[in-house]
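Tertiary structure, described
The primary structure of each chain is shown beneath.
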Amino acid sequence: MSNEQIKNLEEIFEARIARDEKIEAKDWMPEKYRKTHIRQISQHAHSEIVGMLPEGNWISRAPSLRRKAALLAKVQDEAGHGLYLYSACETLGISREELYQQLHSGKAKYSSIFNYPTLTWADMGAVGWLVDGAAIINQVPLCNTSFGPYARAMVRVCKEESFHQRQGFEIMLKLCNGSKEQKDMAQDALNRWWWPSLMMLGPTDAESVHTEQSMKWKLKRKSNDDLRQQFIDQTVPQADLLGLTIPDPDLKFNKQTGSYDFGAIDWDEFWQVVKGHGPCNKQRISARVAAWDNGAWVRDAAMAHASKKQAIKVKIAI
Amino acid sequence: MDNNWPLWEIFVRSKNGLEHRHFGSLHAADQEMALENARDVYTRRNEGVSIWVVKSSDITASNPENNGELFEPAQDKVYRHPTFYKLPDEVKHM
């Protein structure tokens, strides 16, 4: 194809998105659109998969059967969300093996928040309330994104996500209405998860390199700073309800804007974690790689069994 | 031997009276496993009463680049639509 023809196709393509038409996997798309989507959808899928690890730790330590059942269901949902997203990503012509390889080698990123440790049971509450809360804010606009398979996967994800946040808030509520030790535990979890949750919504608009293009493709409907403000405004009253204190001395309601002003975020910490130097980066990836490697014989055996059965079927047919 | 599990397309009937609809895809070693995985991945909250699994490689799809030729014949046959036929107003609903 000549450059002229490609330019023409690109214009038609951008116009389709501007008209709110959906792009489907077999449609022509600019290489950059394909690559950007593979990057974002796979990052999202990896985050779901790695996101199971900090919680998996607490399944066997849940304080009651009710909590255990809920946590198991939440972790199972996360595996499901990862699978919806991987299969949406594969429609763009990348294989599951390649995607896993990128995660295991460290080439692909996942949400930096999962590189923090879950030290107490209250962390299960804080993760559900804050991390899933921030995730929902990020994800809801994606139900309308331009790439059909991604948008459909997100509709399913968002439907299931609300239970995650509610069960987390309920854990916090129970702790806050409990003994002093339990309430302290809840406060400690909020102290440790608050700032990483704000960072989770991404670098400031000034630092965000992909924003403009992503807005055009509806991969993003609101800027990181707007999403962060939305998250803070929605979460502060919830913390008040719990009787907990947000660990930010500069947090103050601004009557003029109708929003909360907040203190400076430690972006050095964020970039350190993104670059692999967070408290649990190595532990997370090695747990993931071990799970994959240790499962190899099961996958091989299942394939061997399937081909054996297929061979018998063919023999009977002959 | 290629040990990567093949890809399957999953179709789910949400309730009797409705058609099966494409829900997504997943990897599985064979059709039984594809069915079981589809149950776990796509129907964790009573989303379905029946599941079909089809190996993705068995699906033949039309190419959107040929949409013009493929669907064009439908465009110029206005006589297939009821509004093509002019009737007097006295014939109220037909």
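Now for a look at the structure at hand. Quick caveat, the model's predicted, so the values are computed rather than measured.

Let us now look at unusual backbone geometry. Residue and element names in this part refer to chain A. We note that Asp20 has phi near 70°; this positive angle belongs to a residue other than glycine. With respect to the secondary-structure elements, Asp20 resides in the loop between helix H1 (3–18) and helix H2 (31–59). Notably, Lys218 is not glycine yet its phi reads approximately 60°, a positive angle. Note on placement: Lys218 falls in the loop between helix H8 (211–216) and helix H9 (224–242).

Our next topic: the interface of chain B and chain A. Listed by partner, the interface residues are 24 residues for chain B and 25 residues for chain A. Both sides together, the interface formed by chain B and chain A hides about 2,000 Å², and carbon and sulfur atoms give 49% of it. Connecting chain B to chain A are six salt bridges. The interface formed by chain B and chain A holds 12 residue pairs in polar contact (both at pLDDT 80 or more) in total. Those elements giving two or more residues to the side of chain B that touches chain A turn out to be strand S2 (20–27) and helix H1 (31–42) of chain B. Of all the elements, H1(B) adds the most residues to the side of chain B that touches chain A, at six residues. Classifying every residue of the side of chain B that touches chain A gives 11 nonpolar, six polar and seven charged.

By way of backbone hydrogen bonds, the strands of a sheet pair with one another, either parallel or antiparallel. Residues and elements named next belong to chain B. Spatially, S2-S1-S3 is the arrangement adopted by the three strands of the open sheet, whose pairing is antiparallel. What marks the edges here is a single partner per strand, and that holds for S2 and strand S3 (50–55). Between one strand axis and the next, the sheet turns through 25° on average, direction left out of account.

Basis of the calculations
Residues numbered from 1 in each chain as written. Chains lettered and ligands numbered in written order. Predicted model: local features only at pLDDT ≥ 70, side-chain atom pairs only at ≥ 80, totals over all residues. Heavy atoms only, no water. Helix = DSSP H or I, 4+ residues; strand = E, 2+ residues; numbered from the N terminus. Contact = heavy atoms within 4.5 Å. Buried area = accessible area lost by both parts, 1.4 Å probe. Salt bridge = Lys/Arg side-chain N within 4 Å of Asp/Glu carboxyl O. Polar contact = N/O pair within 3.5 Å; in protein donor to acceptor, adjacent residues only side chain to side chain. Nonpolar A, V, L, I, M, F, W, Y, C, P; charged D, E, K, R; others polar. Pairing = 2+ DSSP bridges. Axes fitted to C-alpha atoms, helices over the stretch in contact; angles between N-to-C directions.

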